[in-house]
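# Descriptive structure summary
So you can see what is in the structure, the chains are spelled out below.
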Amino acid sequence: MSKARATVLVEPNRIETWDVPVFDPEPGGALVRIVAGGVCGSDVHIQTGEAGVMPFPIILGHEGVGRVEKLGAGVSTDYAGVPVKAGDLVYWAPIVLCHRCHSCTVLEETPCENSQFFEHAGKPNWGSYADFAWLPNGLAFFRLPDGADPDAVIALGCALPTVLRGYDRCGPVRMGESVVVQGAGPVGLSAILVAKLSGAREIIAIDMHDNRLAMAKAMGATATVSLKDNAAERRRQVYDRVAAHGPDVVVEAAGVLPAFPEGVDLAGNHGRYIILGLWGAIGTQPISPRDLTTRNLTVAGATFPKPKHYHQALHLAARLQHDYPLAALVSHRFGIAEAEQALAATARGEVIKAVIDPEIA
Ligand SMILES: [Zn+2]
Ligand SMILES: [Zn+2]
């Protein structure tokens, strides 16, 4: 058994670089050499402990593209039946579904009631801030189509699957609709991209950072609104643009609680408000429930994309990588030992997408 490096969250707010064992793949599984581990906004909430109890110490990272180092016994294809061999690039859905719980079997829904997001750092481990990820049997991985740029795939990490899951569960954007997206990080940019592909008439992005708003335009936003303007001014700009009945769809991709009452306020008559970004933001916010009734609003949330959403995201990214600057969304790269800086930069909102690149010493 050889050793490799990994970023370990020993306990909340305590990150170390560890030498960890490299385990052979189990039958049905795979050992993958990480090419890029995506740094996700959720990782910041995991780091601080806000996201709940974890089996500490854990290896961070739930988004990855890697190269197959070794396949477990019996594995000759990915989870969509595509032949796969050592050396191929793969992307994965980071949760094993048990297929033996009410959610999996009866509802055909995620999250699985027996799912395990993270594993103890001393055990075979699929955390992606590492030299290797050990993908257990049942963890769905997909071979990158030939020519797919790993950066274009990891740029939208779990964000594009989350958005596809959200529109799947809460209602897709229809041709000619107007959409407001709160937050232009990876989730918001993905929401803009899919709205654009769905034929939205207006797509308005709201964010604090000019570099993110510029990217929102590149992904298909028709207008941008700065969070530096006050809420009344933001609402005026949105309503001036979409007409008096208000936006058909508002997507929360901001990840901060005050976005919620503003999103309810922005949603138009008969509108839908889709909450995607508040996964790690624990707390409450006041709204007027009467608004939901009088404006006939639908407020819905979704999380835990299914393997099919990862598959869709992979193939969408591979197809769109030359039409949209997807790879350019990866604005920062950090080594395994620099994970704390990567998380700090992500928390400050100065990155569009950061990745952990094990080739950086
Ligand atoms: Zn299950
Ligand atoms: Zn993520």
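Position numbers for residues start from 1 in each chain and track the written sequence from start to end. Here every chain gets a letter starting at A, and every ligand a number starting at 1, in the order they are written. The predicted origin of the model limits local features to residues at a pLDDT of at least 70 and limits the giving and counting of side-chain atom pairs to 80 or more, whereas totals for whole chains, interfaces and linings rest on all residues. With hydrogens and water excluded, all non-hydrogen atoms of the structure serve as input to the side-chain values.

### Points about the domain arrangement of the protein
Domains assigned within the protein are domain 1 (3–157 + 306–356) and domain 2 (160–301). Any two residues whose heavy atoms approach within 4.5 Å are treated as being in contact. Residue-level contacts link 31 residues of domain 1 with 23 residues of domain 2. Throughout, buried area stands for the accessible area (probe radius 1.4 Å) lost by two parts on being put together, summed over both. When domain 1 packs against domain 2, the two sides together hide about 2,300 Å² of surface, and 67% of this comes from carbon and sulfur. The largest per-residue losses of area from domain 1 upon contact with domain 2 belong to Leu-156, Tyr-324 and Ile-352, which jointly make up 28% of the total buried on that side. Salt bridges are defined by distance alone: a side-chain nitrogen of Lys or Arg within 4 Å of a carboxyl oxygen of Asp or Glu. For the pair domain 1 and domain 2, the number of links is three salt bridges. Put simply, Glu-109 and Arg-169 hold a salt bridge, and the shortest N to O gap is 3.0 Å. Distance and chemistry together define a polar contact, namely a pair of N or O atoms within 3.5 Å, with one atom able to donate a hydrogen and the other to accept it when in protein, and with adjacent residues in sequence counting only for side-chain atoms on both sides. Here domain 1 is connected to domain 2 by seven residue pairs in polar contact (both at pLDDT 80 or more). In this text, helices come from DSSP runs of H or I with a minimum length of four residues, and strands from runs of E with a minimum of two, each type numbered from the N-terminal end. When residues of the side of domain 1 that touches domain 2 are traced back to their parent elements, those giving at least two are helix 1 (41–48) and helix 10 (307–320). The element best represented in the side of domain 1 that touches domain 2 is helix 10, accounting for seven residues. All amino acids are sorted into three groups, where Ala, Val, Leu, Ile, Met, Phe, Trp, Tyr, Cys and Pro are nonpolar, Asp, Glu, Lys and Arg are charged, and the leftover types, Gly among them, are polar. In the side of domain 1 that touches domain 2, the residues fall into 17 nonpolar, seven polar and seven charged. Throughout, the edges of the domains are those of an automatic or database domain assignment.

### A short note on the coordination of the zinc ion (ligand 1)
Binding of the zinc ion (ligand 1) to the protein goes through Cys-98 (SG), Cys-101 (SG), Cys-104 (SG) and Cys-112 (SG), at separations of 2.3 to 2.4 Å. Read N to C, the donor residues that coordinate the zinc ion (ligand 1) are spaced as C-x2-C-x2-C-x7-C. The buried category is assigned to Cys-101, whose relative accessible area is 9%. Only protein chains enter the calculation, and the probe is 1.4 Å; a residue is then buried if its accessible area is under 20% of its type maximum, exposed if over 50%, and partly exposed in between. Accessibility expressed as a relative area gives 11% for Cys-104, which makes it buried. Donor atoms are limited to N, O and S found within 2.8 Å of the metal ion, a distance that becomes 3.2 Å for Na, K and Ca. With water left out, some sites might look partial.

### A word on the layout of surface pockets
In this structure, the second largest pocket occupies an estimated 250 Å³ of space. Here a cavity means grid points, on a 1 Å grid over the protein atoms only, where a 1.4 Å probe fits yet cannot get out; a pocket means an open set of points with protein on both sides within 12 Å along at least five of seven lines; lining residues are those with an atom within 4 Å of a point. As for the second largest pocket, its lining consists of 15 residues, of which Leu-97, His-99, Ala-140, Lys-306 and Pro-307 are closest to the centre. Every element with two or more residues in the lining of the second largest pocket is listed here: helix 2 (102–107) and helix 10. Partitioned by chemical class, the residues of the lining of the second largest pocket number seven nonpolar, four polar and four charged. Grid points are joined across faces, edges and corners, and a volume is the space filled by probe spheres set on the points.

### Quick notes on the environment of Ala-30
Among the structural elements, Ala-30 can be located in strand 3 (residues 30–39). Residue classification places Ala-30 among the buried positions, given a relative accessible area of 1%. Separated by 56 residues in sequence, Ala-30 and Ala-86 have C-alpha atoms that sit 9.4 Å apart. Contacts of Ala-30, omitting those with residues within four sequence positions, involve Pro-25, Lys-70, Leu-71, Gly-72, Ala-133, Trp-134, Leu-135 and Phe-141.

### A word on the sheet that holds strand 11 (residues 223–226)
Sheet architecture is open: six strands sit in the order 11-10-9-12-13-14, paired in parallel fashion. A strand with exactly one partner marks an edge of an open sheet, and here the two such strands are strand 11 and strand 14 (298–301). On average, each strand axis in the sheet is tilted by 15° relative to the strand beside it, whichever way the strands run. In the packing of helix 8 (residues 259–266) onto the sheet, the strands contacted are strand 9 (178–182), strand 10 (202–207), strand 12 (249–252), strand 13 (272–275) and strand 14, and the crossing angle to strand 13 comes to about 160°. Any two strands with at least two DSSP-identified bridges between them are counted as paired. Only the contacting stretch of a helix is used when fitting its axis, a line to C-alpha atoms as for every element, and angles between N-to-C directions run 0 to 180 degrees.

### Topic: helix 6 (residues 210–218)
Of all the residues in helix 6, the buried ones are Arg-212, Leu-213, Met-215 and Ala-216. Looking straight down helix 6, one finds that the buried residues subtend no more than 160° of arc, so they occupy a single side. Taken together, the buried residues of helix 6 touch helix 5 (186–197), strand 10 and strand 11. The positive-phi residue at the C-terminal boundary of helix 6 is Gly-220, with phi of around 125°. Picture the helix axis, draw a direction to every C-beta atom, and the arc is the one those directions span.

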